[in-house]
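Fold and contact review
For reference, the chains in residue letters:
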Amino acid sequence: MVTNKKNLIKDRQLILMVVVLVFINVAILVIWEVVDPRYVRRLLLSPQADELDEDIQYQMVIKICDSSKSVYFTGVMYSVTGLLLLTGAVLAWETKTVKIEALNDSRLIGICIYSVVLLSLIGAVVNELLQTQPSLRYCFVSGFVMAGTTFTACLLFLPKIRESGMFRSVVHHSDAADVGTAGSRIQENVGGKSLSLLTTELAVAKDRIRELDKRLMEKECKIRSLERSS
């Protein structure tokens, strides 16, 4: 008997993956602090004369948190983040042939990775060029971080929230409708996009039925083998 093997990823496995990634970043930061402790470096800017009295000059001092080997540890952090982005790109490419529209986020993930890489490169360059202007540097870097995270979250989750609302509307209308007119009511009240969510639910249900049928056949085989041995 030929059986299809399926690898089901549970929620605790996904949570464990996130915990491992967080642990890697925390470990790098801890090792960085132990091996190469940070110190406050003073950066003296060029003196500026007072507008009213030329004999008075102001000496601007910028305090920067730095370490002697910050370049190496920063490179390690960038490498780990780059590997994560590369892994996400590969997974998105491998799942691009999934026929279920609601489960195929490869195109959206590709757009998110492109935007994150672009904003990260611009942010890194701005962070290095504006060393002597901390306020302006903080505004630019924070703006890039907020723009990237907000764009990614909205692009990935807003379509799912919208589809979820459409699905609830479909269920509400179909409860009071006849089975023969359910399809027409779905198209009239919700629109064509809700059908993709219904297709997703149907595909998941069919997979679940096939899995239960497989387990049932295995149980029946075990029962028959026990009956024969007895």
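From a predicted model like this one, the values you see are computed outputs, not experimental measurements. (Residues numbered from 1 in each chain as written. Predicted model: local features only at pLDDT ≥ 70, side-chain atom pairs only at ≥ 80, totals over all residues. Heavy atoms only, no water.)

A few points about the overall build of the chain
- The helix and strand inventory of the chain stands at six helices and four strands.
- Ordered by position in the sequence, the α and β elements of the chain form the string α-β-β-β-β-α-α-α-α-α.
- Evaluated residue by residue, the chain yields a buried proportion of 17% over its 230 residues.
- At a minimum sequence separation of 6, the contacts of the chain that also span at least 24 residues come to 59%. (Helix = DSSP H or I, 4+ residues; strand = E, 2+ residues; numbered from the N terminus. Buried < 20%, exposed > 50% of the residue type's maximum accessible area, 1.4 Å probe, protein only. Contact = heavy atoms within 4.5 Å.)

Digging into the packing of aromatic side chains
- The full count for this structure, using the stated rule, is two aromatic pairs.
- On the numbers, 5.3 Å between centres and 5° between planes, the contact of W32 with F73 is stacked. Note that W32 is positioned in helix α1 (residues 11-35) and F73 in helix α2 (residues 70-94), a separation of 41 residues in sequence.
- The exposure class assigned to F73 is buried, which follows from its relative accessible area of 13%.
- With 6.4 Å between their ring centres and 40° between their planes, F140 and F144 make a pair best called tilted. You can see F140 and its partner F144 sitting in helix α4 (residues 134-175), four residues apart, about one turn around the helix.
- The ring of W32 has R38 sitting right over it, with the charged end atom 4.2 Å from the ring centre. (Phe/Tyr/Trp six-rings, centres within 6.5 Å; stacked < 30°, edge-to-face > 60°. Lys NZ or Arg CZ within 6 Å of the ring centre and 35° of its normal.)

Concerning the side chain of D36
- Tracing the sequence through the fold places D36 in the loop between α1 and β1 (39-44).
- The contacts of D36, once residues within four sequence positions are left out, are I31, S67, S68, K69, S70 and F73.

Some details on the confidence of the model for the chain
- Looking at the chain, the pLDDT average stands at 75 and 75% of residues meet or exceed 70.
- Long-range and interchain partners of residues 170-180, a stretch whose pLDDT sits below 50, account for six contacts in this model, where long-range means more than four residues apart.
- Within the model, pLDDT remains below 50 along residues 186-193, and this stretch shows 14 contacts once partners closer than five positions in the same chain are excluded. (pLDDT = per-residue confidence, 0-100.)

A word on a nonpolar patch on the surface
- A surface patch of nonpolar side chains, amounting to about 730 Å² of accessible area, comprises I15, L16, V19, V20, L21, F23, I24 and L84.
- The greatest single-element share of the nonpolar patch, amounting to seven residues, is contributed by α1.
- Secondary-structure assignment places F23 in helix α1.
- Note on F23: relative accessible area 59%, which makes it exposed. (Patch = residues over 30% accessible without salt bridge, like charges linked within 9 Å, V, L, I, M, F, W, Y side chains within 5 Å. Areas by Shrake-Rupley, 256 points an atom, 1.4 Å probe, with all protein chains shown as cover. Salt bridge = Lys/Arg side-chain N within 4 Å of Asp/Glu carboxyl O.)

A closer look at the pattern of salt bridges
- A full pass over the atoms with the stated rule returns three salt bridges.
- Taking the shortest distance from any N to any O, the salt bridge between E211 and R208 comes out at 3.5 Å. Within this pair, E211 and its partner R208 are both found in helix α6 (residues 194-229), separated by three residues, close to a single helical turn.
- Put simply, R215 and E211 hold a salt bridge, and the shortest N to O gap is 2.8 Å. Residue R215 and its partner E211 are located together in helix α6, separated by four residues, close to a single helical turn.
- A cluster of three or more residues bridged by salt bridges with shared partners is formed by R208, E211 and R215.

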